[in-house]
Amino acid sequence: MATAANSVTHPTLVQVDPFVPAHEQKGLHNRWHPDIPPVATVKPGEVFNIECVDWTGAQIGNNDFSDDIRHVDLDSVHNLSGPIAVEGAEPGDCLVVDILDVKPFEKMPWGYTVSTVLFTPGGTTDFLQGIFELQNGGGLFAREFQSRAAKAIWDFEGVYATSRHIPGVRFAGVSHPGLIGTAPSPELLATWNKREVGLIEAHANAVPPVAYGPLIKGAYVGQALSNDVREKIYREGARTIPGREHGGNCDIKNLSKGSRCYFPVFVKGANLSVGDLHFSQGDLSFCGAIEMAGIIKFKTSVIKGGVEKFALKQPIFLPSPIDPLYSSKLIFEGISVDIRAWNDNITVAYKQAALNAIAYLQKVHLLLSAAPVESHVGAVVDSPNACVTLALPLGIFEHDILPKEEGLKKLDFGQCAIRSDGVL
């Protein structure tokens, strides 16, 4: 007979409310700094849950206008849960993190994808997921298009996502943390700030910026701290926007349940933080996913001296064995040739692959950031051009998108949520 006495529930170490602004909640922070103390400590092998707000901290609503995207406060993101210390972890060790589950809140079975409205040379309007207003965040295509904020709301039905803003599409998500990492040491933090502030100074007029340096405005640590410690964290703390040597915002879509992560440890306890949960995302996301608030389940262990044993300069990941089965894909190629004629940067090659997919699908709500799109670097050694591919799964569409002699059938795919002033 089953009894409660032999059933031990897994504790939830950080509890949040996804409908309350992040800066009003405990156990959250939006800067990286070694002086942010852990909110809880676990033993190796202990299983525990962490609740996470969405990356903006409840700034985005389930509605049909994108004014919240237009005015989103990017100084206060990403909002991370933690840190969580692991007993026995010391600088130079390897922290092993098993991701046992990732899911949305029962009371919030929806998410969103940030979009932009794009203007094509012929005057038609397309929608590209994953870019903010040019003057407030920008994105990969900020220089190609005058970005205007838009968004799509997604409803979660088990493993599937559908959107009233993108009818005719349904796909299985691979839920994962977009952002996970250990705390930096004082020395590593100083290296980051020197490196990134130097980039900013060298490209002072770049739009969008090439990097985001420490910024007191918007900084938040939801703990009781002395004024001196809080001021130091806010003054020195690294922004959470890029991935770095400790992990961070790497947006690896296959870090779903069943994954294992190997992180270098830089401070006592490792001080693991996590946030920016995604219901689904494509490879090489160019600023976006299906963003969600939710719950992630972890188990940790420590490999002593792991940094030296594995020459661990950045994290190593073992992806999940669970993946949606979309065997048929239409693949678009991009080479590193753009309006400047030639560039050996693989980012340029990826942009060209994405733009080729956009042109092919014509006026459609593109899914390149939200759907389980696969991207691969085909070649980087064959000068002068790098090659990148983008594979769009055919099974996510309710209609046929394969090339045919009569061309593509033009369908009405609705419209993303746009600004209330109607500006496109």
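Residues numbered from 1 in each chain as written. Predicted model: local features only at pLDDT ≥ 70, side-chain atom pairs only at ≥ 80, totals over all residues. Heavy atoms only, no water.

What follows covers the overall build of the protein chain. Secondary structure summary: the protein chain contains five helices and 23 strands in total. Across the 424 residues that make up the protein chain, the buried fraction comes to 53%. (Helix = DSSP H or I, 4+ residues; strand = E, 2+ residues; numbered from the N terminus. Buried < 20%, exposed > 50% of the residue type's maximum accessible area, 1.4 Å probe, protein only.)

We now examine unusual backbone geometry. Residues valine 77 and histidine 78 are joined by a peptide bond in cis, for which omega reads -10°. Within the fold, histidine 78 resides in the loop between α1 (67-70) and β5 (80-86). Residue proline 83 is reached from glycine 82 by a cis peptide bond, and omega for that bond is 0°. Within the secondary structure layout, proline 83 lies in strand β5. At alanine 58, a position not held by glycine, the phi torsion is positive, near 70°. Tracing the sequence through the fold places alanine 58 in the loop between β4 (47-52) and α1. Judged by its relative accessible area of 29%, alanine 58 is partly exposed. Of note, the phi angle at alanine 270 is positive, near 70°, even though the residue is not glycine. Among the structural elements, alanine 270 can be located in the loop between β15 (259-264) and β16 (272-280).

Across the protein chain, pLDDT averages 87, with 86% of residues at or above 70. Under a pLDDT of 50 for its full length, residues 116-138 has, in the predicted model, 99 contacts with residues more than four places off or in other chains. (pLDDT = per-residue confidence, 0-100. Contact = heavy atoms within 4.5 Å.)

Right, let's talk about the packing of aromatic side chains for a bit. Counting across every chain of the model gives five aromatic pairs. Consider the rings of phenylalanine 263 and phenylalanine 317, whose centres lie 6.1 Å apart with planes at 80°: the pair is edge-to-face. Within this pair, whereas phenylalanine 263 is found in strand β15, its partner phenylalanine 317 is found in strand β19 (residues 316-318), the two being separated by 54 residues in sequence. Classification of phenylalanine 263 as buried rests on a relative accessible area of 0%. Classification of phenylalanine 317 as partly exposed rests on a relative accessible area of 26%. The ring of tyrosine 160 carries the charged tip of arginine 170 above its face, separated from the ring centre by 3.7 Å. Against the face of tryptophan 192 rests arginine 244, its NZ or CZ located 4.7 Å from the ring centre. (Phe/Tyr/Trp six-rings, centres within 6.5 Å; stacked < 30°, edge-to-face > 60°. Lys NZ or Arg CZ within 6 Å of the ring centre and 35° of its normal.)

Attention shifts here to the nonpolar core. Counting 84 residues, the largest nonpolar core has Ile50, Trp154, Phe171, Phe298 and Leu390 as its most contacted members. In terms of residue count, helix α5 (residues 346-361) provides more of this core than any other element does, nine residues in total. The residues touching leucine 390, leaving out its near neighbours within four places in the chain, are Leu330, Ile331, Phe332, Tyr350, Ala353, Ala354, Ala357, Leu368, Val373, Glu374 and Ser375. Listed in part, the seven residues of the second largest apolar core include Leu80, Leu179, Leu188 and Trp192. (Core = buried A, V, L, I, M, F, W, Y, C linked by side-chain atoms within 4.5 Å.)

Before going further, it helps to examine the pattern of salt bridges. Applying the stated criterion across every chain yields a total of 14 salt bridges. The closest approach of N and O atoms between arginine 195 and glutamate 245, which form a salt bridge, is 2.8 Å. Of this pair, arginine 195 sits in helix α2 (residues 186-202) while glutamate 245 is found in the loop between β13 (243-244) and β14 (247-249), placing the two residues 50 residues apart along the sequence. Given a relative accessible area of 37%, arginine 195 falls into the partly exposed group. A relative accessible area of 16% places glutamate 245 in the buried class. Three or more residues joined by partner-sharing salt bridges are found here, namely Glu231, Arg235 and Glu236. (Salt bridge = Lys/Arg side-chain N within 4 Å of Asp/Glu carboxyl O.)

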